Amino acid sequence: MNILTQRVTRTLFVFALVACSLSVASAQATRVDIDVRLPNYDVIYVSDMIDAATGSISNAIPNVSFGLTTSPPGSSARVFMKIVAKIQLRGDAIPSDLVNAETYPFDLNGTILISSRDLARGSSGSVRVNPTSVRKNSTLETRLKDHILNFPTAPVGTYTLQIEVFNALGGNRLGAQTQTVEVKNASPAEVSITLVEPQDGAVLGTVLPTFSWTAEKPTARLKVYEKLPQHQSAQDATTGIPHLDVEVTGSTFVYPPTARKLEPGKSYYWFIESVVSTNRGNQTKQSEIRMFRILSTDVSVVLQMLERLFSAYGGDLASTLASMQNMGLQLTGEITKDGVRITREEVARLFDQFLRTNTQLQVRVE
């Protein structure tokens, strides 16, 4: 082999090495995307997530994990993670770090899913926390332990998890993600639902009433049950088939004309149900149960006459009648004039006469 050939060969070999090094470099991850899977529960049962005696994380927390994915797709890197858990309990001015920890370096090839089992104390998985890196807030930890020993659920507050991924060789940060959970209730029983209208015992002049309530959850279920003669209580009535069972959003709902009809002269029960999400599954919180009645047809007609009459006279008469209806006004008995019973048609003619002659009215509630 002459000198020229040797030089060419060496040059080709160098180019091959450079090409190989470029190929390896291009396979190195430049970014790591983090997907935190931490449901925003309303209520958290802490004993399912943390061992109260040791303060260590459980090795099997359902529905809680996070995924790491390299970018460009399919690239790899030698990385380690920094994990910070922050808590701001109700009444605290600012959040406090509960724990800071780092993992041992590990190889990330493409995508990996990390669960609580990987991070639990004594884990033998590919991703393990370095125990010498763990720093805890002893004061906050004591507060949480005292709470866990006395109550099954996490205290109300804001819980934040911060995750950062670093290149174990160069130390540069490849990705970061923060996830926050607002625990608003210490138990499902604390979830508040307040019924507004119709009031309990209200007598309504329409078969399409408007329901209103206040609730912490934006979505709920409205249920209406008919009161049948055999029902001895509201609980008896609400164990049967509902007259209406519909998901509602907001704080008001008008009974739909396409639903099963409400009938004049009959009584009904209604209540609101909210779904409370917990790490043990969804639980249902029910409001109080209220009853309302739909006016019979004859009484409803007379009431409509009164509404038109009072509205025409103006003043406070119309609003007074509406308030009395909401308070459970019931029109019973007979309508008489000078001691003599009169018919519905005669009532209508009498009201028309009041309007034509601008008769002065006095209303007395007994």
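Use the structure listed above.
Residues numbered from 1 in each chain as written. Predicted model: local features only at pLDDT ≥ 70, side-chain atom pairs only at ≥ 80, totals over all residues. Heavy atoms only, no water.

### Notes on the overall build of the protein chain
What the protein chain contains, in helices and strands, is 7 helices and 20 strands. Restricting the contact set of the protein chain to residue pairs at least 6 apart, pairs at least 24 apart contribute 72%. (Helix = DSSP H or I, 4+ residues; strand = E, 2+ residues; numbered from the N terminus. Contact = heavy atoms within 4.5 Å.)

### Some words on the sheet that holds strand E12 (residues 210-215)
Spatially, the 3 strands line up as an open sheet ordered E10-E12-E15, and their pairing is antiparallel. The sheet terminates laterally at strand E10 (193-197) and strand E15 (252-254), the two strands that pair on one side only. When strand polarity is set aside, the average angle formed by the axes of neighbouring strands in this sheet is 25°. When E12 meets E15, the two strands line up antiparallel, connected through 3 bridges. When the bridges of E15 are listed, Ser 212 appears paired with Thr 252. (Pairing = 2+ DSSP bridges. Axes fitted to C-alpha atoms, helices over the stretch in contact; angles between N-to-C directions.)

### What about the nonpolar core?
Considering soluble globular proteins, one finds that nonpolar side chains tend to be buried as a cluster. Leu 68 and Met 81 are the most contacted members of the largest nonpolar core, which has 31 residues in total. Residue contributions to this core peak at 6 residues, all from strand E3 (residues 76-89). Not counting residues within four places of it along the chain, the set of residues in contact with Leu 68 comprises Val 32, Asp 33, Ile 34, Met 81, Phe 106, Leu 108, Gly 110, Thr 111, Ile 112, Ile 114 and Val 165. Leu 195, Ala 202, Phe 253 and Phe 292 belong to the second largest nonpolar core, which has 20 residues in total. (Core = buried A, V, L, I, M, F, W, Y, C linked by side-chain atoms within 4.5 Å. Buried < 20%, exposed > 50% of the residue type's maximum accessible area, 1.4 Å probe, protein only.)

### Focus: the pairing of E12
As paired elements, E10 and E12 share 4 bridges and run antiparallel to each other. Looking at E12, one finds that Ile 193 is bridged to Ala 215.

### Section: the sheet that holds strand E2 (residues 65-71)
Across the sheet, which stays open at both edges, the 3 strands sit in the order E1-E2-E6 with antiparallel pairing between neighbours. Since the sheet does not close on itself, it has two edges, and those belong to strand E1 (31-37) and strand E6 (111-115), each with one partner. Adjacent strand axes in the sheet meet at a mean angle of 20° when their direction is disregarded. Note: E2 against E6, 5 bridges, orientation antiparallel. Bridge assignment links Gly 67 to a residue of E6, and that residue is Leu 113.

### Structural notes on the environment of Ile 193
By the element assignment, Ile 193 lies in strand E10. Taking the C-alpha atoms as reference points, Ile 193 and Ala 215, 22 residues apart in sequence, are found 4.5 Å from one another. Setting aside residues no more than four positions away along its own chain, Ile 193 makes contact with Thr 214, Ala 215, Ile 272, Ser 274, Lys 285, Gln 286 and Ser 287.

### Comments concerning the packing of aromatic side chains
Centre distance and the angle of the planes are the two values used to describe a pair of aromatic rings. In total, this model carries 5 aromatic pairs according to the counting rule given. Where Phe 80 meets Phe 166, the ring centres are 5.4 Å apart and the plane angle is 15°; that geometry is what we call stacked. With Phe 80 in strand E3 and Phe 166 in strand E8 (residues 157-167), the pair connects residues that are 86 residues apart, well separated along the chain. Residue Phe 166 is classed as buried on the basis of its relative accessible area of 11%. A ring pair is formed by Phe 211 and Trp 270, whose centres lie 5.0 Å apart and whose planes are at 55°; its orientation type is tilted. Here Trp 270 lies in strand E16 (residues 267-278) and Phe 211 lies in strand E12, a separation of 59 residues in the sequence. Trp 270 carries the same exposure label as Phe 211, and that label is buried. Aromatic ring contacts, followed pair by pair, group Phe 211, Tyr 268, Trp 270 and Phe 292 into a single cluster. (Phe/Tyr/Trp six-rings, centres within 6.5 Å; stacked < 30°, edge-to-face > 60°.)

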